[in-house]
Amino acid sequence: MATPAAYITGFVISRDGTKIGYRQMGEGPGVILVHGGLQASQNFMVLGKALADEFTVYIPDRRGRGLSGPFGDDYSLTADAEDVHALVQQTKAQNIFGLSSGAIITLQTAIMEPALKKVALYEPPIPVDGVDHTIMERKYESALIKGNLGKAMISIIRGTGDSSMFVVLPAFITAPFMNFAIKQQQKQVKGDDVSLKSLIPTFHYDSILVSNAKNIIDKSRNLKAEILLLGGSKSQKFLKMALDQLNTALPGAKRVEFKGLGHIAASNGGKPGIIASELRSFFKE
């Protein structure tokens, strides 16, 4: 459930004709927030509210979710980046933040759009040597085919998440609890929010997006925008490795690690106030 905050909605039309809806709040210079996998704009409402006293905040629903149109037959990282690019062009925003797979989209958009002046990335899961994501993806797809959304979600948490009982305990114990939680959350969804039941199948497209990002670090070397690389001390090693490689490719980037925080710290249930403080300083510099 999103934390209550006043917002209006709008939309842009992406290059392929897909309608991309967004939530808007606040006043001031424009900031775009791009959510990660298993999320929609609702997951950035606390972060958005924390920034809205100084910025006009735009939080799009990535395609296939909430206010936005479908993934389409030819889905790719480029399609997602073109969606955000359309929002940049309409709003004239020069500041952008992306979390997880949303950070990959944010980076690809920055490569395409020189109007972006300040780009903040929180742990983009860019493929790195020695890390095999296929085991997690196979378990996810298998559970999804069987209709076991709880088990599918647990496979994602184990692949990208921080230490929790869902990582330590076997799935046959945790999956029933997760399935119950998914059903309960669906009953509570209101307004523009999206249920977990609807979001869990969208992770299939995040896997495609990550696969498309294999060469994105090399493509980013000539970026002129100021870059802020963010991560948590509790996050998994491969996420830190991706940030290390980005930092090497972008030696002028600023790097910040948040002690005691994990991969989804910017989301409503994490520590978005701490992330907002760092973003506010970066975007105001």
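Calculation notes
- Residues numbered from 1 in each chain as written.
- Predicted model: local features only at pLDDT ≥ 70, side-chain atom pairs only at ≥ 80, totals over all residues.
- Heavy atoms only, no water.
- Helix = DSSP H or I, 4+ residues; strand = E, 2+ residues; numbered from the N terminus.
- Contact = heavy atoms within 4.5 Å.
- Areas by Shrake-Rupley, 256 points an atom, 1.4 Å probe, with all protein chains shown as cover.
- Core = buried A, V, L, I, M, F, W, Y, C linked by side-chain atoms within 4.5 Å.
- Buried < 20%, exposed > 50% of the residue type's maximum accessible area, 1.4 Å probe, protein only.
- Salt bridge = Lys/Arg side-chain N within 4 Å of Asp/Glu carboxyl O.
- Phe/Tyr/Trp six-rings, centres within 6.5 Å; stacked < 30°, edge-to-face > 60°.
- Pairing = 2+ DSSP bridges.
- Axes fitted to C-alpha atoms, helices over the stretch in contact; angles between N-to-C directions.
- Polar contact = N/O pair within 3.5 Å; in protein donor to acceptor, adjacent residues only side chain to side chain.
- Expected span 1.5 Å × (residues − 1).

Regarding its fold elements, the protein presents 12 helices and 8 strands. C-alpha atoms of the protein, sized along the principal axes, occupy 50 × 40 × 40 Å. Restricting to contacts in the protein with at least 6 residues of sequence separation, those with at least 24 account for 72%. Of the roughly 12600 Å² of accessible surface on the protein, a fraction of 53% belongs to carbon and sulfur atoms.

On to the nonpolar core, then. Core analysis: the biggest nonpolar cluster contains 42 residues, and Ile 32 and Ile 227 have the highest contact counts within it. The greatest single-element share of this core, amounting to 6 residues, is contributed by helix H11 (residues 237–249). Formed by 27 residues, the second largest nonpolar core is a distinct cluster that contains Met 45, Phe 97, Ala 266 and Phe 282.

This part covers the pattern of salt bridges. Scanning the entire structure with this criterion turns up 13 salt bridges. Put simply, Arg 23 and Asp 193 hold a salt bridge, and the shortest N to O gap is 2.8 Å. Of the two residues, Arg 23 is situated in strand E2 (residues 19–25) and Asp 193 in the loop between helix H7 (171–188) and helix H8 (196–199); the sequence distance between them amounts to 170 residues. Of the two residues, Arg 23 and Asp 193, neither departs from the other in class, the shared state being buried. In this structure, Glu 54 engages Arg 280 in a salt bridge whose closest nitrogen and oxygen atoms are separated by 3.0 Å.

As a further point, take the side chain of Glu 278. Mapping Glu 278 onto the fold places it in helix H12 (residues 272–284). Beyond its immediate stretch of four places on either side in the chain, Glu 278 contacts Leu 228, Leu 230, Lys 254, Val 256 and Phe 258.

Here the structure, examined in full by the defined rule, presents 9 aromatic pairs. Between the aromatic rings of Phe 71 and Tyr 75, the centroid separation amounts to 5.5 Å while the plane-to-plane angle is 90°, which identifies the pairing as edge-to-face. The exposure classification of Phe 71 matches that of Tyr 75, with both residues buried. For Phe 71, a relative accessible area of 9% translates into the label buried. An aromatic cluster of at least three residues, connected via ring pairs, comprises Phe 55, Phe 282 and Phe 283.

Moving on, we get to the sheet that holds E2. Each strand in a sheet pairs with its neighbour through backbone hydrogen bonds, running either in the same direction (parallel) or in the opposite one (antiparallel). One open sheet holds the 8 strands; their spatial order is E1-E2-E4-E3-E5-E6-E7-E8, and the pairing between them is mixed. Strands with a single pairing partner mark the edges of an open sheet, and in this sheet they are strand E1 (8–13) and strand E8 (254–258). The mean angle between the axes of side-by-side strands here comes to 20°, regardless of whether they run parallel or antiparallel. In this sheet, strand E6 (residues 118–122) lies alongside strand E5 (residues 95–99) in parallel orientation, the contact comprising 5 bridges. Among the inter-strand pairings, Asn 95 is bridged to a residue of E6, identified as Lys 118. Contacts from helix H3 (residues 101–112) reach strand E3 (30–34), E5 and E6 within the one sheet, and its direction differs from that of E5 by about 145°. H11 rests against E6, strand E7 (226–232) and E8 of the sheet, and its axis sits at about 160° to E7.

Our next topic: the environment of Thr 174. Inspection of the secondary structure assignment puts Thr 174 in helix H7. Taking C-alpha positions, Thr 174 is 24 Å from Ala 40, a pair spaced 134 residues apart along the chain.

With respect to the element layout, Arg 221 can be found in the loop between helix H10 (216–219) and E7. Residues in contact with Arg 221, not counting those within four places in the same chain, are Ala 249 and Leu 250. One polar contact links Arg 221 to Asp 218, side chain to side chain, over a distance of 3.2 Å.

An ideal rise of 1.5 Å per residue puts 16 Å on 12 residues; helix H5 (residues 149–160) measures up with 17 Å between its terminal C-alpha atoms. Where burial is concerned, most of H5 is hidden: 9 out of the 12 residues are buried. Among all positions in H5, only Leu 149, Gly 150, Ala 152, Met 153, Ile 154, Ser 155, Ile 156, Ile 157 and Gly 159 are buried.

What follows covers the pairing of E2. Among the 7 residues in E2, 5 count as buried, and that is most of the element. Across 6 bridges, the pairing between E1 and E2 is antiparallel. Of the residues in E2, the one forming a bridge with Val 12 is Ile 20. Hairpin connection between E1 and E2: a loop of 5 residues separates the two successive antiparallel strands, and Gly 17 in this loop has a positive phi of roughly 95°. Across 4 bridges, E2 lies against strand E4 (residues 56–60) in antiparallel orientation. Following the sheet pairing, Tyr 22 is matched in E4 by Pro 60.

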